[in-house]
Amino acid sequence: MPFPAEIKENALVSSGRCCCLCHKFCGTKIEVHHIREESEGGDNNNDNAIPLCFDCHADMRSYDHKHPKGNKYSENELKRHRDNWYAKITGNTGLAGRQEVVETDKHVYSRLIHLLPWDGSIRVISDNNFDGSSFRYEKLRDFDSFEYQCRNPAFEFIDPDLESLRAKLYTIIHCLSATLAENAFPTTMPGDFSVPAEWEVLQPMRFHEVVSKIHETCREIVETYSSLVRTATRKLGILPETMLTTSDI
Ligand SMILES: [Zn+2]
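Please read all numbers here as calculations on a predicted model, not as lab measurements. (Residues numbered from 1 in each chain as written. Predicted model: local features only at pLDDT ≥ 70, side-chain atom pairs only at ≥ 80, totals over all residues. Heavy atoms only, no water.)

Chemist: Please set out the overall build of the chain residue by residue, giving values where relevant.
Modeler: Scanning the chain for helices and strands turns up nine helices and five strands. Helices (α) and strands (β) of the chain occur, in sequence order from the N terminus, as α-β-β-α-α-α-α-β-α-α-β-β-α-α. Burial statistics for the chain: of 249 residues in total, 41% are counted as buried. Total accessible area on the chain stands at roughly 14300 Å², and carbon and sulfur atoms take up 52% of it. (Helix = DSSP H or I, 4+ residues; strand = E, 2+ residues; numbered from the N terminus. Buried < 20%, exposed > 50% of the residue type's maximum accessible area, 1.4 Å probe, protein only. Areas by Shrake-Rupley, 256 points an atom, 1.4 Å probe, with all protein chains shown as cover.)

Chemist: If you had to explain the pairing of strand S2 (residues 49-53) to someone new, which residues and values would you point to?
Modeler: With five of five residues buried, S2 is to be regarded as a mostly interior element. Burial along S2 is two-sided: Ala49, Pro51 and Cys53 facing one way and Ile50 and Leu52 facing the other are all buried. In this structure, strand S1 (residues 30-34) lies alongside S2, joined through five bridges in antiparallel fashion. Paired with Val32 across the two strands is Pro51, which belongs to S2. (Pairing = 2+ DSSP bridges.)

Chemist: A description of the coordination of the zinc ion should follow, citing residues and the corresponding values.
Modeler: Coordination sphere of the zinc ion, protein contribution only: Cys19 (SG), Cys22 (SG), Cys53 (SG) and Cys56 (SG), at 2.3 to 2.4 Å. Geometry at the zinc ion is tetrahedral, judged from its four donor atoms and the angles of 103 to 116° they form at the metal. Mapped onto the sequence, the donors of the zinc ion take the spacing C-x2-C-x30-C-x2-C. Assessed through its relative accessible area of 13%, Cys56 is described here as buried. (Donors = N, O, S within 2.8 Å, 3.2 Å for Na, K, Ca; no water. Tetrahedral: all angles 85-135°; square planar, octahedral: opposite > 155°, others 65-115°.)

Chemist: Describe helix H1 (residues 5-15), naming the residues involved and giving the relevant values.
Modeler: For H1, the complete set of buried residues consists of Ile7, Ala11, Leu12 and Ser15. All buried residues of H1 project into a common sector of 130° when viewed along the axis, lining one side. Exposed side chains of H1 directed beyond 90 degrees from the buried face belong to Ala5, Glu6, Glu9 and Val13. Looking at the buried residues of H1, the elements they touch are S1, S2 and helix H3 (75-90). Gly16 occupies a position one or two residues after H1 and carries a positive phi of about 65°. (Arc of directions from axis to C-beta. Contact = heavy atoms within 4.5 Å.)

Chemist: How would you sum up unusual backbone geometry? Please name residues and give values.
Modeler: Positive phi values are uncommon outside glycine, yet Arg17 reaches one of about 55°. On the basis of relative accessibility, which here comes to 32%, the residue Arg17 falls in the partly exposed class. If you check the backbone angles, His23 has positive phi at about 70° while not being a glycine. By secondary structure assignment, the location of His23 is in the loop between H1 and S1.

Chemist: Please give an account of the state of the cysteines that cites residues and values.
Modeler: Covalently bonding the sulfur atom of one cysteine to the sulfur atom of another cysteine gives a disulfide. All chains considered together, the criterion is met by zero disulfides. Free cysteine: Cys175, not disulfide-bonded; nearest cysteine sulfur from Cys218 at 9.8 Å. Overall, the relative accessible area of 27% leaves Cys175 in the partly exposed class. (Disulfide = S-S within 2.5 Å.)

Chemist: Please provide a residue-by-residue account of the packing of aromatic side chains, values included.
Modeler: Taken as a whole and judged by the stated rule, the model has four aromatic pairs. Here Phe185 and Trp199 contribute two aromatic rings whose centre-to-centre distance is 6.0 Å and whose plane-to-plane angle is 70°, an arrangement assigned as edge-to-face. Taken together, the residues Phe185 in strand S4 (residues 185-186) and Trp199 in helix H8 (residues 199-202) connect sequence positions 14 residues apart. (Phe/Tyr/Trp six-rings, centres within 6.5 Å; stacked < 30°, edge-to-face > 60°.)

Chemist: Account for the packing of helix H5 (residues 118-127) against helix H9 (residues 204-236), with residues named and values stated.
Modeler: The description of two packed helices rests on the angle between their axes and on the distance between the axes. At a minimum axis separation of 8 Å, H5 and H9 run at an interaxial angle of 140°. Crossing geometry of H5 relative to H9 is assigned as left-handed. Only Cys218, Ile221, Val222, Tyr225 and Ser226 of H9 make contact with H5, whose side of the interface consists of Trp118, Ile122, Ile125 and Ser126. Across the contact of H5 with H9, the residue classes break down as seven nonpolar, two polar and no charged. (Axes fitted to C-alpha atoms, helices over the stretch in contact; angles between N-to-C directions. Left-handed = near helix turned anticlockwise from the far one by under 90°. Nonpolar A, V, L, I, M, F, W, Y, C, P; charged D, E, K, R; others polar.)

Chemist: I'd like to hear about the sheet that holds S4, residue by residue, with values.
Modeler: Read from one edge to the other, the open sheet built from three strands follows the order S3-S5-S4, with strand pairing classed as antiparallel. On the outer flanks of this sheet lie strand S3 (135-136) and S4, each paired with one strand and no other. In terms of strand pairing, S3 meets strand S5 (residues 192-194) through two bridges, oriented antiparallel. Paired with Phe135 across the two strands is Phe193, which belongs to S5.

In structure tokens form, the structure reads like this:
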């Protein structure tokens, strides 16, 4: 039985319609998951509900008890992730006040901008068109460092809007890395990679599919990055100088 409408509404409001595990904003693409399955005696109360995005929910379902890979979430851990996230949304962070939140988030933001400066990999993907032309992997290194840092639980904003944007940025950057890892190959130039230009003739469907997916993902990364910088400017009172590049100054 699904959760009663009222319990579902509580969960969606408390989470701000963001996934309680990866923190991205989901809008309508969100599900309220039973922490303990009903078949195992789970009830339909607030304490057994956790809003999750489709990806995290699928992760939860695909776990194979007989062939476990990675670490399964325990019920208690899921509840703690959920309660931490609800606390961020309601502003009940356990901190003394707004100023402490801003100071903590400023540190996270400056770390993020250090890992992902506007004129680094972000600029490379906004300039490059990847349509069979080559690119240097080392120019996309910022993304590796950012993805690596995102595995550190200390690298999270307290402010839910900023945290949701950071989580979204991580998801799309991860998607770009996966697409490139699968579809870009070394060219004759050492260090250069490209979606093979010959695919345009030999596998035109795949070529166009991959190229448009890369374009779309890059566009989304730049958009999310810009919106994170704007939100930080507004909420943390940081000057938007990080958006300027040396040539703009
Ligand atoms: Zn998620």
